[in-house]
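Examination of the molecular architecture
Chain by chain, the residues:
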Amino acid sequence: MSTGVPEGYDPHAFPPFAVTVDLAVFTVRDAALHVLLVERGQDPFRGRWALPGGFVLPRESADEAARRELAEETGLGPDAVGTLHLEQLRTYTDPDRDPRMRVVSVAYAALLPDLPEPRGGGDAASARWWDAGVTGPLAFDHDRILTDARDRIGAKLEYTCLATEFCPAEFTLGELQQVYETVWGVALDRPNFRRKVLSAPGFVVPVDGPPRRTGGRGKPAALYRAGGTTTLHPPLLRPPPTEPPNSRPEGRTP
C-alpha cells in the first residue's frame, strides 16, 4: 500500500526548522490597555519579558499549541483558555529571529475582558499584565509582533462591537467612548462619537428607566446595553493622526 511518500525521498536532505506560536493577549485594566507578558526562565533571553508562546509539538496544530502554551506559561485554567477567541495575526519568518535555529512563528492576537491575574509556569519564571505602552524591549522580535497585534486589535474595534464587552451590562456612551480611547490611544470628539454609535444599527440599545447620574455637574447620562449585532455597518473608523506642528513644508505658513 502506497504511503504517498516518493521513493528515494530523504527528509534529512532539507535544513531543519521549528514552528512556534506567540500570543499577544490584551485586556483593559484601570482605564489602560494591558498586554500579558511572561518573564523568560531559560536561555535565550533569560530574564527578559516576552509574549507567551512556545514550540508546536509534532502531533498538534498551531491553534492547539497556542492554547496549551497560554495555559502552561500563565497558569490560566483550561476553562479560561478554552473560551478565549484567539485570532491568527500573521506568520513571522525572518531567518535570524531566534538565535537557536531557524524558527517560524505563528502569532495570535486577542482582546478580552475580565481576565484573572496570571502566574508563571512551564519555562516562564513569572507572568503579569503590563501597560501596553510601556513594556520596554522584549525578547526575540516580540516588539514587532506586539505592534502588529495592537494595530489588528485597533482595527477590530472599527468593524465589530467588541468594545461593549469591556463595559458594564448597562453603560453610558461616555464609558463606551473611554474603551475606544484606551485601545486607540486618541481622544475622540464626544458629539461625533455619539452620533456614529447611535447611527450604527444594533450596536447599542437604550435601557428603560431613569438615566444614571454622572460624577460631574452635567445632566444624568442615558444608559445603554449591547445590541444584538456583532458587526458595525458602517464601521467606526479611527480618526487620522494629528499633523505635527513642524510637518508643513518649508516656506509655508498656516
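Here is a short report on the structure shown in this document. Note that the structure is a prediction, hence the values are computed from the model and not measured. (Residues numbered from 1 in each chain as written. Predicted model: local features only at pLDDT ≥ 70, side-chain atom pairs only at ≥ 80, totals over all residues. Heavy atoms only, no water.)

Helix and strand counts for the chain come out as 5 helices and 9 strands. Going from N to C terminus, the chain has its helices and strands arranged as β-β-β-β-α-α-β-β-β-α-α-α-β-β. Considering only C-alpha atoms, the chain reaches an extent of 75 × 60 × 40 Å along its principal axes. Scored against the burial criterion, the 254 residues of the chain give a buried share of 41%. Taking the intrachain contacts of the chain between residues at least 6 apart in sequence as the baseline, contacts between residues at least 24 apart amount to 67%. (Helix = DSSP H or I, 4+ residues; strand = E, 2+ residues; numbered from the N terminus. Buried < 20%, exposed > 50% of the residue type's maximum accessible area, 1.4 Å probe, protein only. Contact = heavy atoms within 4.5 Å.)

Here the structure, examined in full by the defined rule, presents 5 aromatic pairs. Look at Phe45 and Phe140: their rings are 4.8 Å apart centre to centre, the planes differ by 70°, and that puts the pair in the edge-to-face class. Taken as a pair, Phe45 in the loop between β2 (32-40) and β3 (49-50) and Phe140 in the loop between β7 (124-131) and α3 (142-159) lie far apart in primary sequence, 95 residues in all. Exposure remark for Phe140: the relative accessible area of 18% places this residue in the buried category. Aromatic side chains Tyr180 and Phe193 sit 5.5 Å apart centroid to centroid with 65° between the ring planes, which places their arrangement in the edge-to-face category. Separated by 13 residues along the polypeptide, Tyr180 in helix α4 (residues 173-184) and Phe193 in helix α5 (residues 190-199) bring together distant segments of the chain. Here Tyr180 matches Phe193 in class, with each residue buried. Three or more aromatic residues link up through ring pairs in this structure, and these residues are Tyr180, Trp184 and Phe193. (Phe/Tyr/Trp six-rings, centres within 6.5 Å; stacked < 30°, edge-to-face > 60°.)

Moving on, we come to unusual backbone geometry. The omega torsion of the bond from Asp43 to Pro44 falls at 0°, within 30 degrees of zero and hence cis. Relative to the helices and strands, Pro44 resides in the loop between β2 and β3. A positive phi is found at Phe45, a non-glycine position, where the angle reads about 65°.

Phe26, Leu111, Leu176, Tyr180 and Phe203 are the most contacted members of the largest nonpolar core, which has 41 residues in total. Among the elements of the structure, β1 (18-29), β2, β5 (87-92), β6 (103-111), α3, α4 and α5 are those that each provide at least two residues to this core. Broken down by element, this core gets its largest block of residues, 6 residues, from α4. Setting aside anything within four residues of it in sequence, one finds Tyr180 in contact with Leu157, Thr160, Ala163, Gly185, Leu188, Phe193, Phe203, Leu232 and Leu236. Counting 17 residues, the second largest nonpolar core, distinct from the first, contains Val25, Leu36, Ala66 and Leu84. (Core = buried A, V, L, I, M, F, W, Y, C linked by side-chain atoms within 4.5 Å.)

Counted under the stated rule, the structure contains 0 disulfides. Not part of a disulfide, Cys161 finds its nearest cysteine sulfur in Cys167, a span of 12 Å. The class of Cys161 is buried, set by a relative accessible area of 8%. You can call Cys167 buried: its relative accessible area is 12%. (Disulfide = S-S within 2.5 Å.)

Before going further, it helps to examine the side chain of Glu60. By the secondary structure assignment, Glu60 is in the loop between β4 (53-55) and α1 (62-74). In terms of polar contacts, Glu60 uses its side chain to reach the backbone amide nitrogen of Leu57, at 2.9 Å. At 2.6 Å, the side chain of Glu60 and the side chain of Arg68 are in polar contact. In this structure, Glu60 is in contact with Phe55, Ala65 and Arg68, ignoring residues within four places of it in sequence. (Polar contact = N/O pair within 3.5 Å; in protein donor to acceptor, adjacent residues only side chain to side chain.)

Inspection of the entire model under this criterion finds 12 salt bridges. Linking Asp141 and Arg97 is a salt bridge whose minimum nitrogen-to-oxygen distance equals 2.7 Å. With Asp141 in the loop between β7 and α3 and Arg97 in the loop between β5 and β6, this pair connects stretches of sequence that are 44 residues apart. By the burial criterion, Asp141 is buried, and Arg97 matches it. (Salt bridge = Lys/Arg side-chain N within 4 Å of Asp/Glu carboxyl O.)

This part takes up the side chain of Thr172. Along the chain, Thr172 falls in the loop between α3 and α4. Of the residues examined, Thr172 reaches a relative accessible area of 11% and is grouped as buried.

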